[in-house]
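Observations on the three-dimensional arrangement
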Amino acid sequence: MADLYKKSTSEKGVFNKNKFEMLKNKPCLASHVISIGMKRDEKERLPEIEEVEAVACAVQNMCLTATAYGVGSYWGSGGITYFEEAKPFFGLGPKDKLLGFMFLGYPKSDWPEGKRKPIGDKVSWVE
Ligand SMILES: Cc1cc2nc3c(=O)[nH]c(=O)nc-3n(C[C@H](O)[C@H](O)[C@H](O)COP(=O)(O)O)c2cc1C
């Protein structure tokens with residue numbers, strides 16, 4: 001991740017050393033890192049957005065499974081996520097999408113508290 005970041009951003013003249021160091025060291029704090037990708041249906045029978053949504057649903061299930069086992073999880077889309085040149089490393093073609101990385105590990109501290117607003121703030125009931 002860090003090497004590709006360095007190569008691509010240096011070529012474009014936007015290399016940031018702090019970001020490079022972060023990409024080199026931070027993922028190693030996780031026990032496991034799973035890359036998240038969307039493989040586009042070859043015949044493009046579905047709208048692309050629905051394939052992305054399906055991946056997000058799968059990731060949510062992975063998060064819930066991890067939580068059930070006491071494993072912390074976090075989906076991040078930083079670093080090289082949207083770099084076109086990162087795709088081949090993950091077996092993704094031009095029409096596929098790299099959507100980020102799931103970081104997994106046992107939390108060092110107590111289980112973190114969510115900061116969500118009440119569901120009532122997000123739902124409008126129409127009668
Ligand atoms: C597609 C996607 C990408 C995300 N990328 C980042 C990210 O790059 N950095 C970040 O701090 N949070 C990112 N998040 C948010 C975290 O994954 C997580 O949802 C957030 O910390 C809230 O967690 P909680 O809802 O369990 O409290 C992303 C979430 C999604 C759905």
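Being a predicted model, the structure only gives us computed values, none of them experimental.

Cut-off values and rules
- Residues numbered from 1 in each chain as written.
- Predicted model: local features only at pLDDT ≥ 70, side-chain atom pairs only at ≥ 80, totals over all residues.
- Heavy atoms only, no water.
- Pairing = 2+ DSSP bridges.
- Helix = DSSP H or I, 4+ residues; strand = E, 2+ residues; numbered from the N terminus.
- Axes fitted to C-alpha atoms, helices over the stretch in contact; angles between N-to-C directions.
- Phe/Tyr/Trp six-rings, centres within 6.5 Å; stacked < 30°, edge-to-face > 60°.
- Lys NZ or Arg CZ within 6 Å of the ring centre and 35° of its normal.
- Core = buried A, V, L, I, M, F, W, Y, C linked by side-chain atoms within 4.5 Å.
- Buried < 20%, exposed > 50% of the residue type's maximum accessible area, 1.4 Å probe, protein only.
- Contact = heavy atoms within 4.5 Å.

**A closer look at the sheet that holds strand E1 (residues 32-38)**
With respect to topology, three strands assemble into an open sheet ordered E1-E3-E2, the strand pairing being antiparallel. Of all strands in the sheet, those with a lone pairing partner are E1 and strand E2 (72-76), marking the two edges. On average, each strand axis in the sheet is inclined to that of its neighbour by 25 degrees, with strand direction left out of account.

**Observations regarding the packing of aromatic side chains**
In this structure the tally under the stated criterion is six aromatic pairs. Their ring planes at 25 degrees and their centres at 5.7 Å tell us that Tyr-74 and Phe-103 sit as a pair that is stacked. Of this pair, Tyr-74 sits in strand E2 while Phe-103 sits in strand E3 (residues 97-105), and the two are 29 residues apart along the sequence. Ring pairs connect the aromatic residues Tyr-5, Phe-15, Phe-20 and Phe-83, which therefore count as one cluster. In this arrangement the basic side chain of Lys-6 is found over the ring face of Phe-20, its NZ or CZ atom lying 5.1 Å from the centre.

**Notes on the nonpolar core**
With twelve residues, the main nonpolar core is built from Ala-2, Tyr-5, Phe-20, Leu-23, Ala-30, Ile-80, Phe-83, Ala-86, Leu-92, Leu-98, Phe-101 and Phe-103. Elements that contribute at least two residues to this core include exactly helix H1 (2-12), helix H2 (17-25) and E3. With three residues, the top contributor of residues to this core is E3. If we skip the residues at most four places from it in the chain, Phe-20 touches Ala-2, Asp-3, Tyr-5, Lys-6 and Phe-15. Counting residues in each nonpolar core, the second largest holds ten residues, with Val-55, Val-59, Leu-99 and Leu-104 among its members.

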